[in-house]
Amino acid sequence: MAVEKGGARWQGERMRGMWRRITGVSIRYKLLGMVLGVILLLGLAVTLQVQSQLAAQLRQSLHERGLALARDLAEDSIDLILTQNLFEVHQKLRSTLETNPDVRYIIILDSEGKVIAHSFPVRVPADLLPLNPIPPGQPWSVQILDSDEGLLTDIAFPILGGQLGVVRLGLSHRRLEQAVWVATERLIATTLFALLVGGIAALLLTRVLSRPILELVDAVRAAGQGDLSRRPRVWMADEIGELTAAFNAMMDHLLRYQGELLRQNRELRAMNAVARALSEARSLPEITDVALRSVMEAMGFPAGWILLQEDGEAAPVLAAWHGLSPGFAARLKDFIPGCPCARQIQQSGGGIHLVQWSSCPALEEARRAGGPEARFDRHLSVALMSRDRILGVLNLLIPSSEAPPEMIEWVEAIGRQIAVALDAERQRQRRMEELRQREAMRRQLLERILSAQEEERRRIARELHDEAGQALTSLRVSLGLLEREAHQPEAVRARVAELKRLTEEIMENLHRLAIDLRPAILDHLGLVAALRQYIEACRRRYGLDIQLETIGLGEGRLSPRVEIALYRILQEALTNVVRHAQATRVDVLLERRGDRIIAVVEDNGIGFDPERAMRNGHLGLFGIRERVEQLGGTLILESAPGSGTTLVVEVPDAHSDPDRG
Amino acid sequence: MRSPASGWLRSLVGVMGALLLLGACAPRSYPYVRLNADREGAVVAPGPGVGRLPLRVAVAPVISPRVTFETYIPLLDYLADRLDRPAELLQRRTYAEINDLIRTGQADLAFVCGGAFVEGEREGYMELLAIPQINGATTYHALIIVPADSPFHRLEDLRGRRFAFTDPLSNSGRLYVQYRLARMGENPGGFFGETFFTYSHDNSIRAVAWGLADGASVDSLVYETLLLNEPELIARLRVIERSPPFGVPPVVVHPGLAPPLKQALREAFLTMDQDPRGKKALAMLRVERFLPPDPTIYEGIRRMATEVRGWP
């Protein structure tokens, strides 16, 4: 069973193999085979058809002729038989036999089957007589016989309806077969001739037909192996011609796309190389150097340099160069301030320019002096632009052959990339600077806070010493006096009154001290009440007209963190006004807008330059900013010398403490 | 000289042709015969075999042998039945040959023309057995016919023309015209342009109808039979002369025929109209009945023969 299965599979594979081998034959041989096959088939079919037709027709005509002969014989022999004229009958047989070459024999039998006359030399063959009887009801009978002389058609025709006997006529098929054979031979010869002619014609035709296909196949194979340059010829305007034309068009497209793809790939590689190089660079000089090198390397420029444009109107500086002779580089530094390419880029607002040697003083000089750069007759000037700002210029020297335009486009793109890197580096440097400044400020503030604490302690100590101590000394002196004057009631009374005044003065001083340190009211009654108290105290102490307005704050309390911060901010602001503004009037506004608190302090004082104040490390302002930033709020300081100051602070009223949350 | 290529080609053609022929012929099988086996086989059969001696009836070719055969077969059957022996029909091309059959004893009885009878009677080997009655008469006429569109209306008009005779011994087919011409002082060879024998009356009628002859003399009985059977043939003819009546063609025997047979035969003929099979045979012959012989009715023929044939 397994063997049978294996056998069947083997058979199947063999069949498939054969089929592959048959179908794998060249189209030339297929066409040839087709033509020859058709001719052969046609010839064979025609031969067979003609042969069978001819044989049938000849047999039919033989049959009819034989029947006519037999009928004539039967008719003619009636009278002869009736008049017993057997000699005449015999003569008739002989003449019929002689005039009809197809007639092999004639026998005339009487009604009892006895031979009356025959055409054989001696005897009628014994086999013959019993054959071909006329069936009852039939007018005659035809029977084909086989014999030692080939096929015969035996016709039996009755004489006088059978009353006088039967004529038996034998017709040889020999001539018929010869005729069929001759016709067949001719047809086969014709077919072979047609095969020869058809074969030659088919060979020529298939050459004509298959050549374009084979050429196309070759071209496709070549294309498959990467050769896109092959263009098979369009021989004829038929489907194959169309296919060839379509193939050629496709190859043209493919070639163009491939070129484009290769170029884009090269450019992308260049950009990628530049980007990778840039990403690894750590400083501006490194960036410029790396950028220049990688651009030159990736895009095949032999030499170039980068100018960097600092802020404003400052002249560009030579930041990096590569592939230049030392002499040219040295001269370049001299020419840069008046270099037209940087100016041109500034004027046109960026872009890319092709600068001829005649417009470039450095190249002109190099030509004049006969330096190595004399072989360059121009250079590309590419703006290094980021966020619409020109950060510098990338100059690339071009040898004799012109740079393709799409390359210029890509150089520009790379220029932008470099500019972005430069911009980022500059911003990073600026941020670093800022951080450094802020750190310094913070350190300064810390020192100031420490010294302020010292100061505060010294002040409290002084105040305690000067005022409380003085008062307490007075109090002790008064108490001593009181002791001495204990027996003088009038004096005691006066002395007690003085003691009371002294004590009140001490109490008030202590109270003020306490408020300055931390107003208890802030804890008990909230920001608004504390502010009111503070403003009242200021008003009294400094004689300033301070107005406080609150909107939307009502009875609700803010978070303690926000309250103390705002209190300190406003306290600092008012202190600043008192110390520096020389103002006569201050308006304070405290407003709740949604979940944000806005505090505004506006004075009509002398004003100042806020930026400079910030930069110079004005600690009061810096402290305000620190507090606002701690709360996640914003600080706006609007002021100019001579036009008052407005300070706006906006902080979120966070009920939960973000520092601890 | 044949190149190998042409030999190869021929063999290829041969193979292909053989295949084709084989394909065309192979599947059928036919009876096989050996044509060239001379030692065995049949030869021409000798005369009638031994057995009962047949009654041999000879019929003169008044009409063509085939029609004669068909017409006389019932009579032969009747005679065979009556005489209880097979009957055989003998036909010959000419009247003279029939006369010879009677004269030499090769035939037992014969239907002959009046002209032949008077010849046999004169030479002594014929005697009358019976005579047929046709249309109530025992006589008939000779008719001289021409084509229907012929311009001739009398025998005399046919001078120099082509004339068909039936048989040298025929009465109506020759003797009557010979007699008529002799009376005119003429003889057929001098009067007609050309003459020929047709050896039967219907042949003569057809010869005139087909234009082979400008005129002929025929038996009125045959003429009337054809008028019934083939009227379109007769319509192409015109009768220009009708002879006086002559005795009808009789049935004759050799005078030396065995008397019992002669008697039996006479009886068979004379009583034919009383027998159903005999009636059928009579109908075929278009004869009402057979009568005993009356030699006198042939007197006219004897006279004409005497004059024309130069009998003493």
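Residues numbered from 1 in each chain as written. Chains lettered and ligands numbered in written order. Predicted model: local features only at pLDDT ≥ 70, side-chain atom pairs only at ≥ 80, totals over all residues.

## Considerations on helix 13 (residues 527-542) of chain A
Residue and element names in this part refer to chain A. Its 16 residues place the ends of helix 13 22 Å apart at the C-alpha level, agreeing with the 22 Å of an ideal helix rising 1.5 Å per residue. Residues of helix 13 that are buried: Leu-527, Ala-530, Leu-531 and Tyr-534. Along the axis of helix 13, the buried positions cluster into a sector of 100 degrees, meaning they face one direction only. In this structure, helix 13 carries Glu-536 and Arg-540 as exposed residues pointing more than 90 degrees from its buried face. The inward-facing, buried residues of helix 13 contact helix 12 (520-525), strand 11 (545-551) and helix 14 (560-581). The positive-phi residue at the C-terminal boundary of helix 13 is Gly-543, with phi of around 65 degrees. (Helix = DSSP H or I, 4+ residues; strand = E, 2+ residues; numbered from the N terminus. Expected span 1.5 Å × (residues − 1). Buried ≥ 20, exposed ≤ 12 C-beta atoms within 10 Å, placed from the backbone. Arc of directions from axis to C-beta. Contact = placed C-beta atoms within 7 Å.)

## Section: the confidence of the model for chain A
Summarising the model, chain A shows a mean pLDDT of 82, and 94% of its residues fall at 70 or more. For the stretch residues 656-661 of chain A, pLDDT sits under 50, and the model shows four contacts to residues farther than four places along the chain or on other chains. (pLDDT = per-residue confidence, 0-100.)

## Examining the interface of chain B and chain A
Taken residue by residue, the interface counts 28 residues in chain B and 36 residues in chain A. When contributions to the side of chain B that touches chain A are tallied by element, the ones reaching two or more residues are helix 1 (4-25), strand 1 (32-33) and helix 2 (65-83) of chain B. Considering every element that reaches the side of chain B that touches chain A, the biggest residue donor is helix 1 of chain B, with six residues. A breakdown of the residues in the side of chain B that touches chain A according to their chemical character gives 17 nonpolar, five polar and six charged. Bridging between strand 3 (residues 141-147) of chain A and strand 1 of chain B involves two bridges; their strand directions are parallel. Each bridged residue has a counterpart across the sheet, and for A:Asp146 the counterpart in strand 1 of chain B is B:Tyr32. (Nonpolar A, V, L, I, M, F, W, Y, C, P; charged D, E, K, R; others polar. Pairing = 2+ DSSP bridges.)

## Brief notes about the sheet that holds strand 3 (residues 87-91) of chain B
All names here are of chain B. The six strands are arranged 3-2-4-13-5-14 in an open sheet whose pairing can be described as mixed. Each end of this open sheet is capped by a strand with a single partner; those strands are strand 3 and strand 14 (289-291). Shown here is a sheet whose adjacent strand axes are inclined to one another by a mean of 25 degrees, direction ignored. Summarising the sheet, strand 4 (residues 109-111) and strand 13 (residues 251-253) pair through three bridges and their orientation is antiparallel. The partner of Ala-110 across the bridge, within strand 13, is Val-252. (Axes fitted to C-alpha atoms, helices over the stretch in contact; angles between N-to-C directions.)

## Some words on the nonpolar core
With 114 residues, the main nonpolar core has A:Val167, B:Ala60, B:Ala110, B:Val112, B:Val208 and B:Val252 as its most contacted residues. Ranked by residue count, the leading element in this core is helix 2 (residues 27-82) of chain A, at seven residues. Sequence-distant contacts of B:Val252, that is, excluding residues within four places in its chain, are made with B:Ile102, B:Leu109, B:Ala110, B:Val112, B:Phe117, B:Gly120, B:Met126, B:Glu127, B:Leu128 and B:Leu129. Membership of the second largest hydrophobic core comes to 50 residues, among which are A:Ala298, A:Ala320, A:Phe376 and A:Leu422. (Core = buried A, V, L, I, M, F, W, Y, C linked by C-beta atoms within 7 Å.)

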